[in-house]
Amino acid sequence: MYDKLIEAAIQARENAYAPYSNFMVGAAVLCENGKIFSGCNIENASFGATNCAERTAIFKAVSEGCRTIKSVAVIGDPNNFTFPCGICRQVIAEFAENGDIKIFIVKNKKEFIVKTLDEVLPGVFSKKDLLMQD
Ligand code: THU
């Protein structure tokens, strides 16, 4: 069922632009409307300008009008499980409705683990905190 998403992340990794770290990452997101967007990490000589694969995929989805993401797949080092970095966890949270999202941490087509947002980012700061202001 999630084969297509995982495959899209694996494919996107091929386009990783990582001349500084040589750490290639691919990601893909499944939107509420069934569309899949993928992305890779894009590094920069000014290191802070680097964009992670997950954020590339999410920003592509949002810029195409998809604001609710149901699942994310990420693959980095194919010999390890690469978890989303802290900034990406926060960006995933922004577009996961009520924290309802599956995060696939992929080693290869057959080996992956699935986490909830609460498992990777407990006590999330979100739009709810802003709405609770008096
Ligand atoms: N990277 C990602 O693309 N996603 C993550 O969640 C972790 C880190 C990238 C950023 C940088 O290009 C390289 O991995 C090394 O940090």
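Since the structure is predicted, the reported quantities are computational estimates derived from the model, not experimental observations. (Residues numbered from 1 in each chain as written. Predicted model: local features only at pLDDT ≥ 70, side-chain atom pairs only at ≥ 80, totals over all residues. Heavy atoms only, no water.)

### Comments concerning the pattern of salt bridges
The line we're drawing: Only one rule defines a salt bridge in this text: a Lys or Arg side-chain nitrogen within 4 Å of an Asp or Glu carboxyl oxygen. Secondary structure elements are defined from DSSP: runs of H or I of at least 4 residues count as helices, runs of E of at least 2 residues count as strands, and each element is numbered from the N terminus. Only protein chains enter the accessibility calculation, which uses a 1.4 Å probe. A residue is then buried if its area is under 20% of the maximum for its type, exposed if over 50%, and partly exposed in between.
Under the defined criterion, the tally for this structure stands at three salt bridges. Lys109 is the partner of Glu7 in a salt bridge, and the nearest nitrogen-oxygen pair spans 3.4 Å. Note that Glu7 is positioned in helix α1 (residues 3-13) and Lys109 in the loop between β4 (102-106) and β5 (112-116), a separation of 102 residues in sequence. Taking relative accessible area as the criterion, Lys109 reaches 57% and is therefore assigned exposed. For Asp100, the salt bridge identified is with Lys70, shortest N-O distance 3.0 Å. On the criterion of sequence distance, the pair formed by Asp100 in the loop between α3 (86-94) and β4 and Lys70 in strand β3 (residues 69-75) is long-range, its members being 30 residues apart. According to the relative accessible area criterion, Lys70 is partly exposed, its value standing at 31%.

### Concerning the UniProt feature "binding site: Zn(2+)" (unreviewed entry) in the protein
Note the cut-off: UniProt positions are given in the numbering used here, feature names are shortened, and annotations may be inferred rather than shown by experiment. Contacts: residue pairs with any heavy atoms within 4.5 Å of one another.
Per the UniProt annotation, the sites labelled "binding site: Zn(2+)" (unreviewed entry) are Cys52, Cys85 and Cys88. In three dimensions, the annotated residues from a span of 37 residues occupy one location, with a maximal C-alpha spread of 8.4 Å. Among the secondary structure elements, Cys52 is positioned in the loop between β2 (36-40) and α2 (53-63). Ignoring sequence-local partners within four residues, the contact set of Cys52 consists of Cys40, Asn41, Cys85 and Cys88. By the secondary structure assignment, Cys85 is in the loop between β3 and α3. You can call Cys85 partly exposed: its relative accessible area is 30%.

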